[in-house]
Amino acid sequence: MAVALIAASAIAPPSACAQEAKPQAEQEAPPWPQFKSPERGFEIAFPSTPQATSAAVAGQNPLIRYSFEAYQGDDTVYRLVVLEYPAGKAPNPPEEALYVKMVSAYARDSESKVRKRGPATIAGRQGFEAITDDGKGKVNHLVSIVQAGDRIYMLVSAGPRGHATSDDAERFRDSFRLTDGEPQTTGSTPASPSP
């Protein structure tokens, strides 16, 4: 799983009256458009239309990696990676060790270091979340991973210092929904991440 894997809830705007009463700096950000992929079993909000790619994962065939990526400005990227296993071949349930390996591989490939990691609820399912930094105080990453059926979803938001805990990083993560017909709650809740 040494694959570099890089990936916001469309906030409903308050009423027009409430917006007029707030100073410009305090107004809610406009909602991002929802991107739906029924074939991959998800929907998520990106700041712009994402570019989609797919490839077989070297040495892991027939594992397929689908990547959906959108940039915001010159320094922020939002990516959702779907690892799709053949029917019945995905780790079920994945053990924490798999998530730790995925986060470690991501950190190595993005030349960052894991700052925090631990269990988290992603789209109403038990998953894993980590924050990584480039060590120079310039690039910060929020990495969220969750498994559903024969797929593992990895959401990554990377941007300038402090981005991993920003409203936009959380908005991206919290907008993620599974659409394969299984019940779920909305949003995500990090469990106390450990260093």
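Describing the overall build of the protein
Here comes step 1: When helices and strands are tallied, the protein shows three helices and eleven strands.
Here comes step 2: Across the protein, helices and strands are ordered from the amino to the carboxyl terminus as α-β-β-β-β-β-α-β-β-β-β-α-β-β.
Here comes step 3: Out of the 195 residues belonging to the protein, those deemed buried represent 45%.
Here comes step 4: Summed over all atoms, the accessible surface of the protein reaches about 9,900 Å², with 50% contributed by carbon and sulfur.

Some details on the pairing of strand β4 (residues 64-72)
Here comes step 1: Pairing of strand β3 (residues 51-56) with β4, which is carried by six bridges, proceeds in the antiparallel orientation. Its bridge partner lying in β4, threonine 53 is registered against serine 67.
Here comes step 2: Here β4 folds back onto strand β5 (residues 76-84) in antiparallel fashion, the turn holding three residues, of which glycine 73 has a positive phi close to 70°.

A few points about the packing of aromatic side chains
Here comes step 1: Across all of its chains, the model carries eleven aromatic pairs by this definition.
Here comes step 2: An angle of 65° between the planes, with centres 5.1 Å apart, marks the rings of tryptophan 32 and tyrosine 78 as edge-to-face. You can see tryptophan 32 sitting in the loop between α1 (16-21) and β1 (34-37) and its partner tyrosine 78 sitting in strand β5, a full 46 residues away along the chain. In this structure, tryptophan 32 and tyrosine 78 share a single accessibility class: buried.

Notes on the sheet that holds β1
Here comes step 1: On the basis of which strands lie adjacent, the open sheet formed by three strands has the order β1-β2-β10 and antiparallel pairing. Strand pairing shows two members of the sheet lacking a second neighbour, β1 and β10 (177-178), which therefore form its edges.

Notes on the environment of glycine 41
Here comes step 1: With respect to the helices and strands, the residue glycine 41 is situated in the loop between β1 and β2 (42-45).
Here comes step 2: Sequence spacing of glycine 41 and tyrosine 153 is 112 residues, and the spatial spacing of their C-alpha atoms is 10.0 Å.
Here comes step 3: If near-sequence neighbours (up to four positions away) are discounted, glycine 41 is found in contact with Arg151, Tyr153, Arg177, Leu178, Thr179 and Asp180.

Side note on the pattern of salt bridges
Here comes step 1: Taken as a whole and judged by the stated rule, the model has seven salt bridges.
Here comes step 2: Where glutamate 84 meets arginine 40, a salt bridge forms, and the shortest distance between an N and an O atom there is 3.2 Å. Remark: arginine 40 occurs in the loop between β1 and β2 and glutamate 84 occurs in strand β5; sequence separation between them is 44 residues. Summarising the burial analysis for this pair, glutamate 84 and arginine 40 share the class buried.
Here comes step 3: Note that arginine 173 is salt-bridged to aspartate 174, the shortest N-O span being 2.9 Å.
Here comes step 4: One salt-bridge network, in which partners are shared between bridges, spans Arg40, Glu84 and Arg151.

A closer look at the confidence of the model for the protein
Here comes step 1: Of the residues in the protein, 78% have a pLDDT of 70 or more, and the chain-wide mean is 82.
Here comes step 2: Note that pLDDT drops below 50 for residues 1-26; the model gives that stretch 72 contacts with residues more than four away or on any other chain.
Here comes step 3: The low-confidence segment residues 182-195, where pLDDT is below 50, has 34 contacts with residues more than four positions distant or belonging to other chains.

A closer look at unusual backbone geometry
A negative phi angle is the norm for most residues apart from glycine, just as the trans form is the norm for most peptide bonds.
Here comes step 1: Phi is positive for glutamate 111, close to 55°, though the residue is something other than glycine.
Here comes step 2: Looking at the element boundaries, glutamate 111 is found in the loop between α2 (96-109) and β6 (113-122).
Here comes step 3: With phi around 50°, alanine 123 is a residue other than glycine that occupies positive phi space.
Here comes step 4: Its location among the elements puts alanine 123 in the loop between β6 and β7 (125-133).
Here comes step 5: Given the relative accessible area of 2%, alanine 123 is considered buried.

Observations concerning the side chain of aspartate 133
Here comes step 1: Looking at where aspartate 133 falls in the secondary structure, it is placed in strand β7.
Here comes step 2: Among the residues examined, aspartate 133 registers a relative accessible area of 19% and is labelled buried.
Here comes step 3: Among the polar contacts made by the side chain of aspartate 133, one reaches the side chain of asparagine 140 at a distance of 2.3 Å.
Here comes step 4: Residues in contact with aspartate 133, not counting those within four places in the same chain, are Ser112, Lys113, Arg115, Val139, Asn140 and His141.

Calculation criteria
Every chain's residues receive numbers from 1 upward, in the order its sequence appears when written. Residues qualify for local features only when their pLDDT is at least 70, as the model is predicted, and side-chain atom pairs are given and counted only at 80 or more; totals for whole chains, interfaces and linings, by contrast, use all residues. Hydrogen atoms and water are omitted, and side-chain values are computed over all heavy atoms in the structure. Helical segments are the DSSP runs of H or I of at least four residues, strand segments are the runs of E of at least two, and each set is numbered from the N terminus. Throughout, exposure labels follow a simple rule: accessible area from a 1.4 Å probe, protein chains only, divided by the maximum for the residue type, with under 20% read as buried, over 50% as exposed, and the rest as partly exposed. For the area figures, the Shrake-Rupley method with a 1.4 Å probe applies, and any residue is considered shielded solely by the protein chains shown. Any two strands with at least two DSSP bridges between them are considered paired. Note on aromatic contacts: the rings of Phe and Tyr and the six-membered ring of Trp form a pair at centre separations within 6.5 Å, being stacked when their planes are under 30 degrees apart, edge-to-face when over 60 apart, and tilted otherwise. Two residues qualify as a contact provided that any one of their heavy atoms is within 4.5 Å of a heavy atom in the partner residue. By definition, a salt bridge exists where a carboxyl oxygen of Asp or Glu is found within 4 Å of a side-chain nitrogen of Lys or Arg. Known as pLDDT, the predictor's confidence for each residue is given on a scale from 0 to 100. As used in this structure description, the phrase polar contact means that two N or O atoms lie within 3.5 Å; if the pair is within protein, one of them must be able to donate a hydrogen and the other to accept it, and residues adjacent in sequence are counted only when both atoms belong to side chains.

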